[in-house]
Amino acid sequence: MKILHTSDWHIGQRLHNNDREEEHRMFFDWLKQTVITQNIDVLLVCGDIFDIGFPANSVLKIYYSFLTSLIATNCRQVIITGGNHDSVSTLDAPKEILKFINVTVIGGATDDPAAEIIEIRDETGKTAAVVCAVPYLREKNLRKSIAGESFDDRERSIREGILNHYLQLSDLTKTHQNSGIPVIAAGHLYVQGAVISESERGIYVGNQAGVSISAFPTGFGYFALGHLHRAQQVGSSPPAHYSGSPLMLSFSEKHDKKRVNILEISDGKILVTDIKIPAFRKLISIKGSLAEAKEKLASLNPESQLCDWIDLDVEEPVHDPLLMRLYDDFVEDFNTKNDHFKIVKNMLRFADRKQLDTFSADSGLTLSDFNEVEVFEKLLDQEGIFEREDLISCFNQLLQMVHSTEKQD
Ligand SMILES: [Mn+2]
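Between its first and last C-alpha atoms helix H1 (residues 21-37) spans 24 Å; for 17 residues at 1.5 Å apiece the expected length is 24 Å, and the two agree. Those residues of H1 that sit buried are Glu21, Glu23, His24, Met26, Phe27, Phe28, Trp30, Leu31, Thr34 and Val35. A positive phi of about 55° marks asparagine 39, the residue just after H1.

Attention now moves to the side chain of glutamine 77. Summarising the element assignment, glutamine 77 is placed in strand E5 (residues 77-81). Sequence-distant contacts of glutamine 77, that is, excluding residues within four places in its chain, are made with Asp41, Val42, Leu43, Asn102, Thr104, Ile118, Glu119 and Ile120.

Attention now goes to the nonpolar core. With 35 residues, the main nonpolar core has Trp9, Ile11, Leu31, Leu43, Ile49, Tyr63 and Ile80 as its most contacted residues. When residues of this core are traced back to their parent elements, those giving at least two are H1, strand E4 (42-46), helix H2 (57-69), E5, strand E6 (103-106) and strand E13 (259-266). Sequence-distant contacts of isoleucine 49, that is, excluding residues within four places in its chain, are made with Trp9, His10, Ile11, Tyr63, Ile80, Thr81, Asp86 and Leu91. Core analysis: the second largest hydrophobic core is formed by 26 residues, Leu137, Ile181, Tyr190 and Phe223 among them.

Let us look at the environment of serine 266. When you line up the elements, serine 266 lands in strand E13. Sequence separation of serine 266 and glutamate 149 is 117 residues, and the distance between their C-alpha atoms is 48 Å.

Attention now goes to the domain arrangement of the chain. With domains assigned, the chain is organised as domain 1 (2-276) and domain 2 (283-353). For domain 1 versus domain 2, the distance between C-alpha centres works out to 38 Å. Taken together, both faces of the contact between domain 1 and domain 2 bury some 1,100 Å²; the carbon and sulfur share is 72%. Among the residues domain 1 hides against domain 2, the three largest losses belong to Asn18, Met26 and Phe251. Together they make up 50% of the total. Taken together, the links from domain 1 to domain 2 amount to zero salt bridges. Between the two partners, domain 1 and domain 2, sit two residue pairs in polar contact (both at pLDDT 80 or more). Contributions of two or more residues to the side of domain 1 that touches domain 2 are made by strand E3 (18-19) and H1. Of all the elements, H1 adds the most residues to the side of domain 1 that touches domain 2, at three residues. Its residues placed into classes, the side of domain 1 that touches domain 2 shows four nonpolar, three polar and five charged.

Quick look at the confidence of the model for the chain now. Across the chain, pLDDT averages 89, with 92% of residues at or above 70. Under a pLDDT of 50 for its full length, residues 202-208 has, in the predicted model, 22 contacts with residues more than four places off or in other chains. Every residue in residues 355-363 scores below 50 in pLDDT, and together they form 14 contacts with partners more than four places removed in sequence or on other chains.

Turning to the sheet that holds strand E1 (residues 2-6), a few remarks are in order. Strand-to-strand pairing in sheets goes through backbone hydrogen bonds, with the strands running parallel or antiparallel. Pairing within the open sheet is mixed, and its six strands lie in the order E6-E5-E4-E1-E13-E14. Each edge of the open sheet carries a strand with a single partner, namely E6 and strand E14 (269-276). The sheet shows a mean angle of 20° between the axes of neighbouring strands, taken without regard to direction. Relative to E14, E13 is paired through eight bridges, and the arrangement is antiparallel. The residue of E14 that forms the bridge with asparagine 261 is aspartate 274.

Reading the values: rules and limits
Residues numbered from 1 in each chain as written. Predicted model: local features only at pLDDT ≥ 70, side-chain atom pairs only at ≥ 80, totals over all residues. Heavy atoms only, no water. Helix = DSSP H or I, 4+ residues; strand = E, 2+ residues; numbered from the N terminus. Expected span 1.5 Å × (residues − 1). Buried < 20%, exposed > 50% of the residue type's maximum accessible area, 1.4 Å probe, protein only. Contact = heavy atoms within 4.5 Å. Core = buried A, V, L, I, M, F, W, Y, C linked by side-chain atoms within 4.5 Å. Domains from an automatic or database assignment. Buried area = accessible area lost by both parts, 1.4 Å probe. Salt bridge = Lys/Arg side-chain N within 4 Å of Asp/Glu carboxyl O. Polar contact = N/O pair within 3.5 Å; in protein donor to acceptor, adjacent residues only side chain to side chain. Nonpolar A, V, L, I, M, F, W, Y, C, P; charged D, E, K, R; others polar. pLDDT = per-residue confidence, 0-100. Pairing = 2+ DSSP bridges. Axes fitted to C-alpha atoms, helices over the stretch in contact; angles between N-to-C directions.

And the structure:
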């Protein structure tokens, strides 16, 4: 029996305001073909299905089209769990209907961890594996907040809450474990020591709140993780893997090899392999003086199926207003004349000028390098506000309302 583990689809994501729907459609075509050619029985998706809580109808359409396209395949069961980007109610709303096409949705945690336990049967109806489909655990699922509590105490109790959740699931699946049936634990969380990239929007998980993989209870045969966008293995016994996002969600992921993980279960053993996802477009960073950048841009060869996206970072030694004008014209002209390449992010800096905006004081970053939540978090940092989960979740809701009204079709 084969399970395909993927996560962090982020359908509806925009990169520097550029739509990715075409890439997502191509990914889902590829995924459906992979399900067929690899004879996948179960598809397990570990959170962050959508990029925002209330996605546009065109985004929902991509999701439902994909799920229904699996009906004609050998995939007998799809398990969808919610991530920190997902709204529990958006994911859960079609749950009852999706059941009829063998899609199980666990949008958020409830008081009953047993609801997350899904038995996977083989063709003969025998239980071949068990998936503990743990969604993103929100602070309210994990602990009661205590007035006057320190930041460290709060993080410690979040960690304990996470581990306790998995402990309950391990206890609840003891019978299966004792009969040699592999139990797979899903999760949408940060595991200590894992490598993060720029596109992960931290809601409450600062690095300190990460749980060490060795602290998890025993009894699981594999940890199927989501949350981090870089595919990586974070534990070996039992194997613990982040499948990573199928698309490069930020320029910091431009060299990442995107993949899905395949678990092959036979005789109670799990063999883990992975399959590379084709890059439908490349993300390219170009740095240098304007002349150097022009030369590098001219030497690019169109190789991708879709237009490649470019992050152009030009630095000139001496401040020159005329050059600023030439630069803007160049970027505009380049984008008008090119079908295969598009500059989606660009910056012109002068070495003799200190940047005025606070974001770039020491890092060389400008406001456009940050997403809205990161800017809000910087404000909280600046104001020394540590009780931030409610504020950030309120800010996210507002942001999602803005995003979901921005684009309607
Ligand atoms: Mn994510």
